[in-house]
Amino acid sequence: MGFTFAALLGFLSWAPVARAQDSTIRAIQNIFDPLSAPAETLYQVSLLVMAVCAVIFLVVGGLLTYAIIRYRRRGPEDDHEEPPQVYGSAAIELAWTVPPILIVVMLVLVTARTIGEIQHPKMPDAAEQVRIIGHRYWWEVRYPKHDVVTANEIHVPLSSRTNRLPTQMVLESADVIHGFWVPQLNGKTMLVPNYRNTMWIEPYATGIYLGNCTVLCGQQHANMLIRVIVDTPEVYQKWLESQKQVPVAEPQVAEGQQQFIANSCGTCHHIENVRGATGVFGPDLTHFSGRATLGSGVALNDDQHLRSWLVNPQDLKPGCLMPNMQLSSNQVDSILAYLRTLK
Ligand code: CUA
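Criteria and thresholds
Residues numbered from 1 in each chain as written. Predicted model: local features only at pLDDT ≥ 70, side-chain atom pairs only at ≥ 80, totals over all residues. Heavy atoms only, no water. Helix = DSSP H or I, 4+ residues; strand = E, 2+ residues; numbered from the N terminus. Buried < 20%, exposed > 50% of the residue type's maximum accessible area, 1.4 Å probe, protein only. Arc of directions from axis to C-beta. Contact = heavy atoms within 4.5 Å. Polar contact = N/O pair within 3.5 Å; in protein donor to acceptor, adjacent residues only side chain to side chain. Domains from an automatic or database assignment. Buried area = accessible area lost by both parts, 1.4 Å probe. Axes fitted to C-alpha atoms, helices over the stretch in contact; angles between N-to-C directions. Parallel < 35°, antiparallel > 145°, perpendicular 65-115°, else oblique. Pairing = 2+ DSSP bridges. Core = buried A, V, L, I, M, F, W, Y, C linked by side-chain atoms within 4.5 Å. pLDDT = per-residue confidence, 0-100. Salt bridge = Lys/Arg side-chain N within 4 Å of Asp/Glu carboxyl O.

## Things to note about unusual backbone geometry
Step number 1: The linkage connecting Arg136 with the following residue, Tyr137, adopts the cis geometry, with an omega of -5°.
Step number 2: Tracing the chain through its elements places Tyr137 in the loop between strand 2 (128-135) and strand 3 (138-143).
Step number 3: Located in the positive-phi region is Asn273, a residue other than glycine, with phi close to 70°.
Step number 4: By the element assignment, Asn273 lies in the loop between helix 6 (265-268) and strand 12 (293-294).
Step number 5: For Asn273, a relative accessible area of 68% puts it in the exposed group.
Step number 6: Non-glycine residue Gln326 carries a positive phi angle of around 55°.
Step number 7: On the accessibility criterion, Gln326 (64% relative accessible area) is exposed.

See the structure below:
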């Protein structure tokens, strides 16, 4: 628990290296501060529901308060007198039956319309597509239009109300049920094994949006963090291009690459163009050092944390599915140096 909190503080104080992307951290996980179309629609409906509830509360509370004061016991003389006994009143029966029915029908209609708008949106052809696959305890992220694969940090383009550029998401799970929720962008959507859920976002501000897995999926559920990185379409295109480049193995880190393969890291992790690194159980590492965090947001992707992760992943993320590989400190050093070339 202590660590999770420390990781959160890390996020908030994180000062990123100079990069073209907007590094504003949008850590407000609050549905009342929406910055994307589906989240805005949900926000408007929630305001309406709360306004209706507030009016009902005031009417009921007001009548109750009035009755308590108006008909309170004023003295001993009140005890002898029985108040008038009233049996049945068509007017009152109608008053407490018809308005509630109308209110419920109105809320049903508004909710149904909102669900329709969110579930069957009109998507422009330019809409981006992302496939997100939940794993214990990280996110696989695929861009089918561009043949790009990454993990945990989901890059999407900025949209605008006049020139829409939404991102459609297909949500799946590789193991158990997970939940995808970035409150400022969208409503909560589940990732269910053997099923495809869809969701979309249309962010109106650049920055790094934080979210969490929302379904208890195991020991490290709380550290299955989401980062959605929203950038202008130009910066986003640059990022896509960078992901399509295959990092060239530098000769001085050949030893690290060998150790990576020799210690079976490639059984779980894929690295483009590296023989023996074709695994699918762990995150794709082709551009690992281009990511700001490691372990699905559990720590910053700096040398200190990466070293700790390589020595024993169970220290930073107890219960995560990557075992302690019992690497010697020389092996850790050379693998770390190799991973740093994967940008
Ligand atoms: Cu995945 Cu909780």
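We are not done yet, so read on.
## Details of helix 5 (residues 254-262)
Step number 1: Every buried residue belonging to helix 5 is among Gly256, Gln259 and Phe260, and all of these are buried. Viewed end-on, helix 5 has its buried residues packed into an arc of 105°, placing them on one side of the element. Seen from the buried face of helix 5, the exposed residues on the opposite side, beyond 90 degrees, are Gln258 and Ala262.
Step number 2: Elements in contact with the buried residues of helix 5: helix 6 and helix 9 (329-339).

## Here we look at the side chain of His269
Step number 1: Here His269 is to be found in the loop between helix 6 and strand 12.
Step number 2: Only 2.8 Å separates the side chain of His269 from the backbone oxygen of Pro283, close enough to count as a polar contact.
Step number 3: Not counting residues within four places of it along the chain, the set of residues in contact with His269 comprises Phe260, Ala277, Thr278, Gly279, Gly282, Pro283, Leu285 and Met322.

## Looking at the domain arrangement of the protein
Step number 1: Partitioning the protein into structural domains gives domain 1 (128-242) and domain 2 (251-339).
Step number 2: The straight-line distance from the C-alpha centre of domain 1 to that of domain 2 is 23 Å.
Step number 3: Each side of the interface is counted separately: domain 1 has 17 residues, and domain 2 has 18 residues.
Step number 4: Buried area between domain 1 and domain 2, summed over both chains or domains, comes out near 1500 Å², and the portion from carbon and sulfur atoms is 51%.
Step number 5: Of all residues in domain 1, Trp138, Glu153 and Gln220 give up the largest surface area on contact with domain 2, accounting jointly for 30% of the area buried on that side.
Step number 6: Looking at the side of domain 1 that touches domain 2, the elements with two or more residues in it are strand 3, strand 4 (148-151) and strand 11 (225-231).
Step number 7: Among the elements that take part in the side of domain 1 that touches domain 2, strand 4 stands out by supplying 3 residues, more than any other.

## Section: the environment of Pro76
Step number 1: Relative to the helices and strands, Pro76 resides in the loop between helix 2 (37-70) and helix 3 (90-119).
Step number 2: Each C-alpha atom, one on Pro76 and one on Ala126, is 79 Å from the other, the two residues being 50 residues apart in sequence.

## Quick notes on the packing of helix 5 against helix 9
Step number 1: Their axes nearest at 7 Å, the elements helix 5 and helix 9 cross at an angle of 110°. Here helix 9 runs roughly perpendicular to helix 5, going by the angle between their axes. Between helix 5 and helix 9, the residues in contact are Glu255, Gly256, Gln257, Gln259 and Phe260 and Gln331, Ser334, Ile335, Tyr338 and Leu339, respectively.

## Here's the deal with the sheet that holds strand 2
Step number 1: With mixed pairing, the 5 strands of this open sheet are ordered in space as 4-3-2-6-9. Sheet topology places strand 4 and strand 9 (197-201) at the edges, where each strand pairs with a single neighbour. On average, each strand axis in the sheet is tilted by 25° relative to the strand beside it, whichever way the strands run.
Step number 2: Sheet analysis places strand 2 next to strand 3, joined by 5 bridges and oriented antiparallel. By the bridge assignment, Gly134 is partnered in strand 3 with Trp139.
Step number 3: Its contacts with the sheet put helix 4 (residues 233-244) on strand 2, strand 3 and strand 4, and the angle it makes with strand 4 is roughly 100°.

## Let's talk about the nonpolar core
Step number 1: Within the largest apolar cluster, 29 residues are counted, with the highest numbers of intra-cluster contacts made by Ile132, Trp139, Tyr143, Ile154, Phe180, Tyr209 and Val228.
Step number 2: Sequence-distant contacts of Val228, defined by excluding residues within four places in its chain, comprise Ile154, Val156, Phe180, Val182, Leu185, Ile201, Gly207, Ile208 and Tyr209.
Step number 3: In terms of nonpolar packing, the next biggest core, distinct from the first, is built from 23 residues, Val274, Leu310, Leu316 and Cys320 among them.

## Quick word on the pairing of strand 4
Within a regular strand, the side chains alternate between the two sheet faces.
Step number 1: Direction of pairing for strand 3 relative to strand 4: antiparallel, over a ladder of 4 bridges. The residue of strand 4 that forms the bridge with Arg142 is Val149.
Step number 2: Linking two consecutive strands that pair antiparallel, namely strand 3 and strand 4, is a turn of 4 residues; a positive phi of about 60° is found at Asp147 within it.

## Details of the confidence of the model for the protein
Step number 1: Overall, the predicted model of the protein reaches an average pLDDT of 90, with 94% of residues at or above 70.
Step number 2: Least confident of the elements in the protein is helix 1 (residues 2-12), whose mean pLDDT is 44; most confident is strand 6 (residues 167-173), at 97.
Step number 3: Low pLDDT, under 50, characterises residues 1-19; the stretch is placed with 18 contacts to residues that sit more than four places away or in other chains.

## Re the pattern of salt bridges
Step number 1: Using the criterion set out here, one finds 10 salt bridges in the structure.
Step number 2: Glu117 serves as the salt-bridge partner of Arg113, at 3.5 Å between the closest nitrogen and oxygen. One end of the pair, Arg113, and the other, Glu117, are both in helix 3, 4 residues apart, so they sit about a helical turn from each other.
Step number 3: The exposure class of Arg113 is exposed, given its relative accessible area of 62%.
Step number 4: Relative accessible area serves as the criterion here: at 37%, Glu117 is assigned to the partly exposed category.
Step number 5: When the shortest N-O distance is used, the salt bridge between Lys244 and Glu241 registers 3.5 Å. Of the two residues, Lys244 and Glu241 are both situated in helix 4; the distance of 3 residues between them amounts to about one turn of the helix.

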